[in-house]
Amino acid sequence: MLFRGAAPAVLAAADGRIIALGRDAVDRSAGARVVELEGRVLPGLGDSHLHLHELVRLHIDLDLSRTRTLAELLRRVAARAGRLGPQDWVVGSGWSGRLFGGGSAPSRQALDRVAGGRPVALLSQDEHSVWASTRALQMAGIPWHRPDPHPMVVDRDPEGEPSGVVREGGPAFLRLVPRPDGPAYERALERVLQHLAALGLCSVHSMDPPETYFALQRLHARGRLPLRVTYNLPADLMEDAGRLGLRQGLGDSWLRVFGVKAFVDGSLGSGTAEMRGGGGVARLSDGDLRDLVKLSIRTELNLCLHAIGDLAVHRALLALRAGVGSWPGWRPRIEHAQLVHPSDVSLFKGVGAVASMQPLHAPADRELADGLWAGLTGSAYAWGRLAQAGVRLAFGSDAPVDSADPMLGLEAATGWRSRVGWHPELALTRREALLAYTAGVAFAGGVERQEGRLRPGYRCDLTVVRDSRVVATVVGGVLRSAAPDPT
Ligand SMILES: [Zn+2]
């Protein structure tokens, strides 16, 4: 297959690998089928951190991410409840704290009223808070007059009763809500993957529950994966995965296991990021982290440690020291790393941790960070500083927390900071940012010798861009998505 018209031309073999590039590709293309493209050919872009499960749920449940006012949100909950039986759950996600202002707060009573007393669980956009109705709070066992169960933080009214929002309490609710049935889930997952391919993505790293992995395997068995997926299990299944002998690399180039995702702390928006200056929630103690590193060495499953506050990042890095050099595939990652104390940058590099970061979080969180991290934002979303210190960056979106569009992420990582005047010294050059979306993502999944570069022998994954727009996506030497020609 010869991809020509865009620069450089690329010649791919039937096995989906690159044979030659540029003039060489054209010269050696006798007998090849030709795909005409226009624009610039980049190595296939990847996303090192997103949530396919939540993207699927947005297709199935109430998607509140584009809801602009509280009244609109309540109307939509009421409309959904009206179509359900009296005991059924109303499930939704994507609401933002911006809907509330001037002293108003999300209350359980508001949901009770519009949902007719049904259990309602609405996951916030950053996925770290659940806004629930009274019935849902009771069913999830949220204590009315006892202390918060770790690691939850329960918002309370002046009488001390739960007022509606539970931070870091998602699992207690998600356990209870009905699961979509298999075929509906798979259809939605396929649509989600096709949408991601159309955005120019050739590979994604998913942080998802096992049901997503199951559905991915079913799609793969029918040859219906349009892009490559690296799957990370929830950390509470690591022990079981180890017993089954699952290890990093299981699978093939389309669907493979890398490791596990564990939460060291919470989030900036929910006020649960763990800070050196005090505050936040430690979801894993130092002892838990030590055990996790030991288990990672024993099972040969890599660690993707979610750490947002500067203390969580620090504790995660300290714990990772015990694993350095433990097995050839050892490749720990810090997910988000939104606030890295300057004195931890050399430790980051020293333990060989990958900084798996999401450039769009910076524009999305800027106001919050200026408020909650006043005086510290010179070390927030510090891509430039980490890259200059030699820390490997892998970029992604955390979708659906932010848009999965890598072109928006590229702009946030490069031009955005100087444009708005927010610590422009932390921005990346276009070349550095592209590396983080390509070779960096490949490195963060342990496949840097096969993916992430335009080079003979590498997999023929290409993102074709014209005027900063993705016009075609090629994965494994096959055109998976092409924008309609505007002419
Ligand atoms: Zn995430």
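Residues numbered from 1 in each chain as written. Predicted model: local features only at pLDDT ≥ 70, side-chain atom pairs only at ≥ 80, totals over all residues.

1. Here we look at the overall build of the chain
Thinking step 1. Broken down by element type, the chain carries 18 helices and 21 strands.
Thinking step 2. Its C-alpha atoms give the chain a radius of gyration of 23 Å, near enough to 23 Å, the size a compact globule of 487 residues would have.
Thinking step 3. The C-alpha extent of the chain, read off along each of the three principal axes, is 80 × 50 × 50 Å.
Thinking step 4. In the chain, once contacts between residues fewer than 6 apart in sequence are set aside, the share between residues at least 24 apart is 72%. (Helix = DSSP H or I, 4+ residues; strand = E, 2+ residues; numbered from the N terminus. Rg over C-alpha atoms; globule rule 2.2 N^0.38 Å. Contact = placed C-beta atoms within 7 Å.)

2. Looking at the environment of alanine 132
Thinking step 1. Of note, alanine 132 is situated in strand β9 (residues 129-132).
Thinking step 2. According to the C-beta neighbour criterion, alanine 132 is buried, with 27 such atoms within 10 Å.
Thinking step 3. As a C-alpha pair, alanine 132 and alanine 110 span 22 residues in sequence and 9.7 Å in three-dimensional space. (Buried ≥ 20, exposed ≤ 12 C-beta atoms within 10 Å, placed from the backbone.)

3. Examining helix α13 (residues 361-372)
Thinking step 1. Among all positions of α13, only His361, Ala362, Ala364, Asp365 and Ala369 are buried. End-on, the buried residues of α13 take up no more than an arc of 140°, which puts them together on one face. Facing away from the buried side of α13, by more than 90 degrees, are the exposed residues Glu367 and Gly371.
Thinking step 2. Here the buried face of α13 lies against α15 (406-413). (Arc of directions from axis to C-beta.)

4. Let's talk about the packing of helix α2 (residues 52-60) against helix α7 (residues 182-198)
Thinking step 1. Packing of α2 against α7 leaves a shortest axis separation of 9 Å and a crossing angle of 110°. Here α2 lies roughly perpendicular to α7, going by the angle between them. Taken together, the residues of α7 that come into contact with α2 (itself represented by Leu52, Leu55, Val56, His59 and Ile60) are Ala184, Tyr185, Ala188, Leu189, Arg191 and Val192.
Thinking step 2. Classifying every residue of the contact of α2 with α7 gives nine nonpolar, one polar and one charged. (Axes fitted to C-alpha atoms, helices over the stretch in contact; angles between N-to-C directions. Parallel < 35°, antiparallel > 145°, perpendicular 65-115°, else oblique. Nonpolar A, V, L, I, M, F, W, Y, C, P; charged D, E, K, R; others polar.)

5. Some thoughts on the sheet that holds strand β15 (residues 302-307)
Thinking step 1. One open sheet accounts for eight strands, arranged β5-β12-β13-β14-β15-β16-β17-β18; its pairing is parallel. Each edge of the open sheet is held by one strand with a lone partner, namely β5 (45-50) and β18 (393-395). Each adjacent strand pair in this sheet contributes to an overall mean axis angle of 25°, direction not counted.
Thinking step 2. Relative to strand β14 (residues 255-263), strand β13 (residues 228-234) runs parallel, the two sharing six bridges. For leucine 233, the partnering residue across the bridge sits in β14 and is valine 260.
Thinking step 3. The sheet contacts of helix α8 (residues 210-221) involve β12 (201-207), β13 and β14, and relative to β13 the element is tilted by about 155°. (Pairing = 2+ DSSP bridges.)

6. Digging into the packing of helix α10 (residues 286-299) against helix α11 (residues 310-320)
Thinking step 1. Between α10 and α11, the shortest axis-to-axis distance is 9 Å and the interhelical angle comes to 40°. Relative to α11, α10 is oriented oblique. Judged by the twist between their axes, the crossing of α10 over α11 is right-handed. Residues Asp286, Leu289, Arg290 and Val293 of α10 lie in contact with α11, whose contacting residues are Arg315, Ala316, Ala319 and Leu320.
Thinking step 2. Across the contact of α10 with α11, the residue classes break down as five nonpolar, no polar and three charged. (Left-handed = near helix turned anticlockwise from the far one by under 90°.)

7. A few points about the domain arrangement of the chain
Thinking step 1. Taken domain by domain, the chain comprises domain 1 (2-44 + 465-482) and domain 2 (52-174).
Thinking step 2. Centre-to-centre separation of domain 1 and domain 2, based on C-alpha positions: 47 Å. (Domains from an automatic or database assignment.)

8. Details of the sheet that holds strand β21 (residues 478-482)
Thinking step 1. Pairing is mixed in the open sheet, where seven strands are placed in the order β3-β2-β1-β4-β19-β20-β21. Two strands in the sheet have a free side with no partner beyond their single neighbour: β3 (18-21) and β21. Sheet twist, expressed as the mean angle between neighbouring strand axes with direction ignored, is 35°.
Thinking step 2. Sheet topology places strand β20 (residues 469-475) next to β21; four bridges connect them, and they run antiparallel. For threonine 473, the partnering residue across the bridge sits in β21 and is serine 481.

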